[in-house]
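Remarks on the overall topology
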Amino acid sequence: MNRSGCPPWPVRARSRAAPGVSLPELLAGLAIGLLVALAALGLLASTRVLSRQALDEAELMAQATNAMRLIGSQARPAGAVELLALNPASPPAAQSFVYSPRFDGLDLDGDGLGDRGHVWGLDGPEGGGDTLVLSFESRSAGITPDCLGAGTAKALSRVDSRFFMRAGRLMCQGSSNPAAAQPVAESLEDFRVRYGLLQGSGAATTLQWLAAGQVAGRWRQVSALQVCLQMVGAVGGPRPAGRSFRACNGLEQAHDGRQHLVLRHTFALRGVGRMR
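Remember, predicted model here, so these are calculated numbers, not experimental data. (Residues numbered from 1 in each chain as written. Predicted model: local features only at pLDDT ≥ 70, side-chain atom pairs only at ≥ 80, totals over all residues. Heavy atoms only, no water.)

This paragraph deals with the sheet that holds strand 3 (residues 119-122). Taken together, 5 strands build an open sheet; the order of strands is 3-4-5-6-7 and the sheet is antiparallel. The open sheet has two edge strands with one neighbour each: strand 3 and strand 7 (182-185). On average, each strand axis in the sheet is inclined to that of its neighbour by 25°, with strand direction left out of account. Two strands pair when backbone bridges link them, and strand 6 (residues 169-174) and strand 7 are joined in this way by 3 bridges, in the antiparallel orientation. Each residue of the ladder has a partner; that of Cys 172, found in strand 7, is Gln 182. (Pairing = 2+ DSSP bridges. Helix = DSSP H or I, 4+ residues; strand = E, 2+ residues; numbered from the N terminus. Axes fitted to C-alpha atoms, helices over the stretch in contact; angles between N-to-C directions.)

A separate point is the environment of Ser 73. Along the chain, Ser 73 falls in helix 1 (residues 23-75). Its relative accessible area of 35% is what places Ser 73 among the partly exposed residues. A polar contact is formed between the side chain of Ser 73 and the side chain of Gln 74, at a distance of 3.4 Å. (Buried < 20%, exposed > 50% of the residue type's maximum accessible area, 1.4 Å probe, protein only. Polar contact = N/O pair within 3.5 Å; in protein donor to acceptor, adjacent residues only side chain to side chain.)

By size, the foremost hydrophobic cluster in this structure holds 34 residues, and its most contacted members are Leu 132, Phe 163, Phe 191, Tyr 195 and Leu 225. Put simply, the parts of the chain that give this core at least two residues each are helix 1, strand 4 (131-137), strand 5 (158-166), strand 6, strand 8 (188-199), helix 2 (212-215), strand 10 (222-232) and strand 13 (260-268). A total of 7 residues in this core trace back to one element, the largest contributor, which is helix 1. Residues contacting Phe 191, with those up to four places away along its chain left out, are Ile 71, Gly 129, Asp 130, Leu 132, Phe 163, Phe 164, Met 165, Leu 170, Val 227, Cys 228 and Leu 229. (Core = buried A, V, L, I, M, F, W, Y, C linked by side-chain atoms within 4.5 Å. Contact = heavy atoms within 4.5 Å.)

What follows is the structure, encoded as structure tokens:
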């Protein structure tokens, strides 16, 4: 009974509870969520592999570039011999010069005596890498470093640098410490050298590129080098179908999922005197 005279408050009907999802709908939602999560994980994994391969490639390029720079520092002056003035007191216009007799050079015929050789090489086995030896006159200790960056002892009249491959490394053996070769590049797959010999004369002069075994007794005629470094990365990845690269041996090689870098460079032996 309402004694206040006010109309009674309307009584609202209780709202019905929201209906739940059925089991098939729940399973479908879980399956979709699982597929999305798997796709995200796959994308994350592939992105991580690509990122590691990019870092691997940058490291290979840095090593190959530094190795080529080091080889060039020994190749360009190969055969360089100091010029000596015959009459130091004469005016410059009246000066006459001769090559220094101190440089005996590399032993090219195996008799234990220097033959004034500036370059020598040896063909390596397949996958074993070649051997390259370069030499030029040492002007003074500490000024003309070898491939190890050290000056040659005063008792030696020349700077020798030997490059070769050992256990996937490019090794350098310098005249400053011939008993201890040191690595200058890692992750090396192949190391090849070709030697350029001048053919003809005048406008018809050309370079003939030969392997070490084809040079025979013509080492003094070598005036240029072609060096090839083949590097391989440590990070594996998917193998691209149908993709290949030209290796240092000149053959097409299929990709194996790792990064491969082939760097070639031609060096002119500027220190070779044409009058000697």
